[in-house]
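Understanding the architecture of this molecule
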Amino acid sequence: MPDDSGASPFYRWQADIPSPGRLLRSEPIGRAQLPSRAGSGQRMLYSSSSDFGTERAIAASGAVYFPKGKPPRGGWRVMVWAHGTKGVADVCAPSFAGLDTAESGFVDRWLKRGYAVVAPDYEGLGTPGPHPYMGLGSAARTTLDAARALADDQRLADELVIAGHSQGAHAAFGAGLIQPHYAPDVHLRAVLVAGLPGEAGFAHEDAASSRSASPLAVPLDPQTPRDSVRSLRAEGFDPWIAVYLNYVSSYALAFPGFRAEHWLTADGLKIADELSKACASPTLAAFMASRRPASDLMKRDLSDIERGAARFRRYPAPHFSMPVLLVIARHDALTAPELSFNMARAACARDSAITVRYVERGSHADARAELGRSGPDFADAVLADSPMPGDCASLAWPGRG
């Protein structure tokens, strides 16, 4: 896959990359790209590491938004915001393109509450190289390293929380799991997630496809799928083809010999290229509306290669050393809500403190809205050292027990 481009020269680091979590450079963000309640903001480039290539050193990008006024004694509290799916092109990086309206409103809630917001872009968004969409270690590390890169900023307190939605929930969840051994210097007090794509963390049942199976809880019921990797329906429209086409950039990182033309038809290559250059909704919506059969796009079933790459998306055994807030929209059509619940149950079984909030009616976006409402209160309580025992003792899927 060719290297995408389009972001400014700021995002291209030519010198050696130091150890993870070092600020490489920064620049002010213009007023037009700031949330309404931000007093100022800066774009930043920092060092991190990728789990594609044995902890390969990378430069990653992001932004930080400061509340208005002067910081309090000890600095503003910090919320690290892990964004949802934006696309895989450099120009989709939120630090470059800016926050969308809904996300800006979400960030404003935290700024109003007195939190500075650190917002990583993840590997390969903004910066050179492919973006490993839904790569867990990569996203988790760049999330933690964004906070480490600002450790010397006297405007910021040294304690923080991480919040994430959708792809960002995956990143935040992973960050909480790896923080004790990857970034013990980060004073992470809580993890808050909504719209968690829980199926990404489940072990595959066929041993040939799994190098790091996670011993998670059994499915909620026999009808709940345990494995997110399945063969695509070649002769008709299968919506999962859109997910796998977004994974193509990950395959280029996971398998150095990968060649997209060996797997995709000319039409498939064209659509994959369009998706790789577009930011989220319009191009994807047009493709979904076309209802193209997978056989028009694939020479070989992409799920065959996904079974090998899926190990990069799985969580380690889910134990958290900090409180976790998990928001689940029960009718979220873009994730598997019952599997998100299963992830909570698996974490509870490993002595984690998990608080679950359900959105009874609503969409994937409504889960983020609920996180914006309940998240700051949860974070305030944790940072005030209030006891947060969680819901594990009474955890049950509503209406089922």
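Residues numbered from 1 in each chain as written. Predicted model: local features only at pLDDT ≥ 70, side-chain atom pairs only at ≥ 80, totals over all residues. Heavy atoms only, no water.

Counting across every chain of the model gives 2 cavities of 30 Å³ or more. As a volume, the largest cavity reaches approximately 50 Å³. What lines the largest cavity is simply Tyr-122, Glu-123, His-131, Pro-132, Met-134, Gly-135, Ser-138, Ala-139, Gln-167 and His-170. Mapped onto the lining of the largest cavity, the elements with two or more residues apiece are helix H3 (136–148) and helix H4 (167–182). Classifying every residue of the lining of the largest cavity gives 4 nonpolar, 5 polar and 1 charged. Looking at the lining of the second largest cavity, the elements with two or more residues in it are strand E8 (324–329) and helix H10 (337–348). (1 Å grid on protein atoms, 1.4 Å probe; cavity = no way out; pocket = protein on both sides within 12 Å on 5 of 7 lines; lining within 4 Å. Points joined across faces, edges and corners; volume = space filled by probe spheres on them. Helix = DSSP H or I, 4+ residues; strand = E, 2+ residues; numbered from the N terminus. Nonpolar A, V, L, I, M, F, W, Y, C, P; charged D, E, K, R; others polar.)

Counting buried positions along strand E5 (residues 115–120) gives 6 out of 6 residues, so the element sits mostly inside the fold. Side chains of E5 alternate between two faces, with Tyr-115, Val-117 and Ala-119 and Ala-116, Val-118 and Pro-120 buried alike. Across 4 bridges, the pairing between strand E4 (residues 76–82) and E5 is parallel. From the neighbouring strand, Met-79 faces E5, where its bridge partner is Val-117. (Buried < 20%, exposed > 50% of the residue type's maximum accessible area, 1.4 Å probe, protein only. Pairing = 2+ DSSP bridges.)

Let's shift gears to the environment of Leu-192. Here Leu-192 shows up in strand E7 (residues 187–194). Taking C-alpha positions, Leu-192 is 8.0 Å from Val-327, a pair spaced 135 residues apart along the chain. With residues up to four places along the chain from it excluded, the contact list for Leu-192 reads Trp-110, Val-161, Ile-162, Ala-163, Gly-164, Leu-325, Leu-371, Gly-375, Phe-378 and Ala-379. (Contact = heavy atoms within 4.5 Å.)

Take the pattern of salt bridges next. Oppositely charged side chains may form a pair once their charged atoms are brought near each other. Applying the stated criterion across every chain, the model contains 21 salt bridges. Between Glu-159 and Arg-189 there is a salt bridge, and its shortest N-O distance comes to 3.0 Å. Of this pair, Glu-159 sits in strand E6 (residues 156–165) while Arg-189 sits in strand E7, placing them 30 residues apart in sequence. Residue classification places Glu-159 among the partly exposed positions, given a relative accessible area of 31%. On the basis of relative accessibility, which here comes to 19%, the residue Arg-189 falls in the buried class. For Asp-296, the salt bridge identified is with Arg-292, shortest N-O distance 3.4 Å. (Salt bridge = Lys/Arg side-chain N within 4 Å of Asp/Glu carboxyl O.)

On average, the chain scores 87 in pLDDT, and the residues at 70 or more come to 89%. Of the regions scoring below 50 in pLDDT, residues 201–225 engages in 60 contacts with residues more than four places distant in sequence or in other chains. (pLDDT = per-residue confidence, 0-100.)

In spatial order, the strands read E1-E2-E3-E5-E4-E6-E7-E8-E9; together these 9 strands make up an open sheet with mixed pairing. Edge strands, defined here as strands with exactly one partner in the open sheet, are strand E1 (23–28) and strand E9 (354–359). The average angle at which neighbouring strand axes cross in this sheet is 20 degrees, direction not considered. In this structure, E4 lies alongside E6, joined through 6 bridges in parallel fashion. Within the sheet, the bridge partner assigned to Val-80 lies in E6 and is Ile-162. Of the strands in this sheet, E8 and E9 touch H10, which is tilted by about 160 degrees from E8. Docked against the sheet, helix H11 (residues 364–383) engages E4, E5, E6, E7, E8 and E9, running at close to 155 degrees with respect to E7. (Axes fitted to C-alpha atoms, helices over the stretch in contact; angles between N-to-C directions.)

So, on to unusual backbone geometry. Peptide bonds are, in most cases, trans, and in most cases residues other than glycine have a negative phi. The phi dihedral of Asp-351 is positive, around 60 degrees, even though this residue is not glycine. The exposure class assigned to Asp-351 is exposed, which follows from its relative accessible area of 69%. One non-glycine residue with positive phi stands out, namely Asp-385, at about 65 degrees. Locating Asp-385 in the fold gives a position in the segment after H11.

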